[in-house]
Amino acid sequence: MNTQTVFITGATSGIGLASAKHFVDQGKNVLFTGRDEAKVKQTEQQLIELAGKSQVTGFICDNADYDQISSLAAHLANQQIKIDSLILNAGVFYPAMFADNSQQMMQQTMAINFFGPAIMLQSFIPVLANPCSVVYVSSVAVEKAWPTASVYSASKAAFEGLTGSINLELAAQGIRINHLRPGVTLTEIQAKAGMSDEQIGELSNNMAGTPMGRILQPEDMIAAIDYLASNASSGMRNAAIRVDGGFCLG
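What you are looking at is a predicted structure, and each value in this text was computed from that prediction instead of being measured.

### Points about the sheet that holds strand S6 (residues 175-182)
For sheets, the rule is that strands pair by backbone hydrogen bonds, running either parallel or antiparallel.
And then number 1: Taken in spatial order, the seven strands make up an open sheet running S3-S2-S1-S4-S5-S6-S7, and their pairing is parallel. Each of the sheet's edge strands pairs with one partner strand only, and the pair in question is strand S3 (56-60) and strand S7 (240-243). On average, each strand axis in the sheet is inclined to that of its neighbour by 15°, with strand direction left out of account.
And then number 2: On the sheet, helix H5 (residues 150-169) packs against strand S4 (83-88), strand S5 (128-137) and S6 and is oriented at approximately 155° with respect to S6.

Following this line, the structure appears as structure tokens:
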């Protein structure tokens, strides 16, 4: 039996890195992307040390650079690589009140959270196995509103809206697309969004008021990602699993 191959975008930190470690531990071949060359090399070495017999390869690819995405897809096709599970995880969150959002900020969020994964999925169709599970890491922001998240919410909802038709169009090729909706999860996304250590600490404290009693960690997402990526979810199409610690109950 051939070793399955999992491709994860944005796997140098957070949910992506936790997922990569999990699939390596399962003995699967793991391909991943990151924007920073040094981080990609560091993550690749870290995963190789865990890998045993499985193979790990990191690629520099920015979700907002569509030429890089196209080149990567061509490289995979040239190497005759087939992907059994595609985890579209890379994303950004730039919190801002709607009145303060510039056109550039809106375009950047949509470029990375919507157009990037859409173009990657389109470009990767020739290298997706039959069957193949595609998992989009969305957000509870598509169903629960809060100030400063309007554009982020729109970018995630846009991709979820895209995939209904795609599930119908690609069904004959054995490709299925489902979604994970994480709640507030402690990753590098907060610091990248410009939050200070004090603000991140306050956010963590606020999450103590959820039924779970704490802020979520990337590892809390692994069981759902594993399920959606596996054959166990073969009957699901355009479904969403919410892992939010009860955040949406408030």
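### Let's talk about the packing of aromatic side chains
And then number 1: Under the criterion given, the structure shown has six aromatic pairs.
And then number 2: With 5.1 Å between their ring centres and 85° between their planes, Phe7 and Phe124 make a pair best called edge-to-face. Here Phe7 is found in strand S1 (residues 5-8), whereas its partner Phe124 is found in helix H4 (residues 103-124), with 117 residues between them in sequence.
And then number 3: Residue Phe124 is classed as buried on the basis of its relative accessible area of 0%.
And then number 4: Relative to Phe115, the ring of Phe114 has its centre 4.8 Å away and its plane inclined at 65°; by these criteria the two rings are edge-to-face.
And then number 5: Phe115 sits in the partly exposed class, given a relative accessible area of 40%.
And then number 6: Three or more aromatic residues link up through ring pairs in this structure, and these residues are Phe7, Phe59 and Phe124.

About the cut-offs
- Residues numbered from 1 in each chain as written.
- Predicted model: local features only at pLDDT ≥ 70, side-chain atom pairs only at ≥ 80, totals over all residues.
- Heavy atoms only, no water.
- Pairing = 2+ DSSP bridges.
- Helix = DSSP H or I, 4+ residues; strand = E, 2+ residues; numbered from the N terminus.
- Axes fitted to C-alpha atoms, helices over the stretch in contact; angles between N-to-C directions.
- Contact = heavy atoms within 4.5 Å.
- Phe/Tyr/Trp six-rings, centres within 6.5 Å; stacked < 30°, edge-to-face > 60°.
- Buried < 20%, exposed > 50% of the residue type's maximum accessible area, 1.4 Å probe, protein only.

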